[in-house]
Amino acid sequence: VQLQASGGGLVQARGSLRLSCAASGRTFSTYGMGWFRQAPGKEREFVAAISWSGSSTTYADSVKGRFTISRDNAKNTMYLQTNSLKPEDTAVYYCAADANKYGDPTIWRGSYTYWGQGTEVTVSS
């Protein structure tokens, strides 16, 4: 599976961005998917995850109520709608696939087998 993240950019605080993660291969619909982010000088951290069917999601407390993860299995694409952005949301955002087929969404970075190249989000104050 190859993943391609896009949609990042420069936005003012309280603005919005929609990130996309396009996947290759026919197994996308069987994988749990997640978004992580890494700010300069910090560890990569969990943001949101979604089950293979899209019926189950989980979020980091720092983004709950502001970000929404979703997927379209017919298009082999996952999304992250980011609203009410804050300067502390500035980071490179990575999408990832959990090759444990039909598994529940997980917050654990080590569970993800495939990673995209990242898309940069910069939020100005």
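Look above for the structure.
Analysis parameters
Residues numbered from 1 in each chain as written. Predicted model: local features only at pLDDT ≥ 70, side-chain atom pairs only at ≥ 80, totals over all residues. Heavy atoms only, no water. Helix = DSSP H or I, 4+ residues; strand = E, 2+ residues; numbered from the N terminus. Rg over C-alpha atoms; globule rule 2.2 N^0.38 Å. Buried < 20%, exposed > 50% of the residue type's maximum accessible area, 1.4 Å probe, protein only. Contact = heavy atoms within 4.5 Å. Areas by Shrake-Rupley, 256 points an atom, 1.4 Å probe, with all protein chains shown as cover. Lys, Arg positive; Asp, Glu negative; His and termini not counted. Charge placed at Lys NZ, Arg CZ, Asp CG, Glu CD. Salt bridge = Lys/Arg side-chain N within 4 Å of Asp/Glu carboxyl O. Core = buried A, V, L, I, M, F, W, Y, C linked by side-chain atoms within 4.5 Å. Polar contact = N/O pair within 3.5 Å; in protein donor to acceptor, adjacent residues only side chain to side chain. Phe/Tyr/Trp six-rings, centres within 6.5 Å; stacked < 30°, edge-to-face > 60°.

Draft legend 1. Representation of the overall build of the chain in the model. What the chain contains, in helices and strands, is zero helices and 11 strands. Tracing the chain from N to C terminus, the helices and strands come up as β-β-β-β-β-β-β-β-β-β-β. The C-alpha atoms of the chain give 13 Å as radius of gyration, which agrees with the globular expectation for 125 residues (14 Å, within 12%). Based on the C-alpha atoms only, the size of the chain along its principal axes is roughly 40 × 25 × 25 Å. Residues counted as buried form 46% of the 125 residues belonging to the chain. Nonlocal contacts in the chain, meaning residues at least 24 apart in sequence, comprise 58% of its contacts between residues at least 6 apart. A total of about 6,400 Å² of accessible surface is found on the chain, and carbon and sulfur atoms cover 45% of it. Separation of charge centres in the chain, based on 13 positive and 9 negative side chains, amounts to 5 Å.

Draft legend 2. Seen up close, the pattern of salt bridges. Under the counting rule described, the total for this entry stands at four salt bridges. The partner of aspartate 89 in a salt bridge is arginine 37, and the shortest N-O contact between them spans 2.9 Å. Of the two residues, aspartate 89 sits in the loop between strand S8 (77–82) and strand S9 (91–98) while arginine 37 sits in strand S4 (residues 32–38), which places them 52 residues apart along the sequence. Grouping residues by exposure puts aspartate 89 and arginine 37 together as buried. Here aspartate 61 makes a salt bridge to lysine 64, at a shortest N to O gap of 3.1 Å. With a relative accessible area of 66%, aspartate 61 lands in the exposed category. Several salt bridges converge on common partners, so that one network encompasses Arg37, Glu45, Arg66 and Asp89.

Draft legend 3. Structural detail: the nonpolar core. Judged by nonpolar contacts, the single largest core of 35 residues is most densely connected at Met33, Trp35, Val47, Ile69, Met78, Leu80 and Tyr93. At the level of secondary structure, the elements contributing two or more residues to this core comprise strand S1 (3–6), strand S3 (17–23), S4, strand S5 (45–50), strand S7 (67–72), S8, S9 and strand S11 (119–124). Residues within four places of tyrosine 93 in sequence aside, it is in contact with Ala5, Leu19, Trp35, Phe36, Arg37, Val47, Phe67, Leu80, Gly118, Thr119 and Val121.

Draft legend 4. Layout of the environment of glutamate 45. Topologically, glutamate 45 is positioned in strand S5. Ignoring sequence-local partners within four residues, the contact set of glutamate 45 consists of Phe36 and Arg37. Within the local environment of glutamate 45, its side chain forms a polar contact with the side chain of arginine 37, the two groups lying 2.6 Å apart.

Draft legend 5. Representation of the packing of aromatic side chains within the structure. A complete count under the given rule lists six aromatic pairs for this structure. Aromatic pair tryptophan 52 and tyrosine 102: ring centres 4.8 Å apart, planes at 85°, arrangement edge-to-face. Placement of the pair is tryptophan 52 in the loop between S5 and strand S6 (57–59) and tyrosine 102 in the loop between S9 and strand S10 (114–115), with a sequence separation of 50 residues. By way of ring pairs, the aromatic residues Phe36, Phe46, Tyr112 and Trp115 are connected into one cluster.

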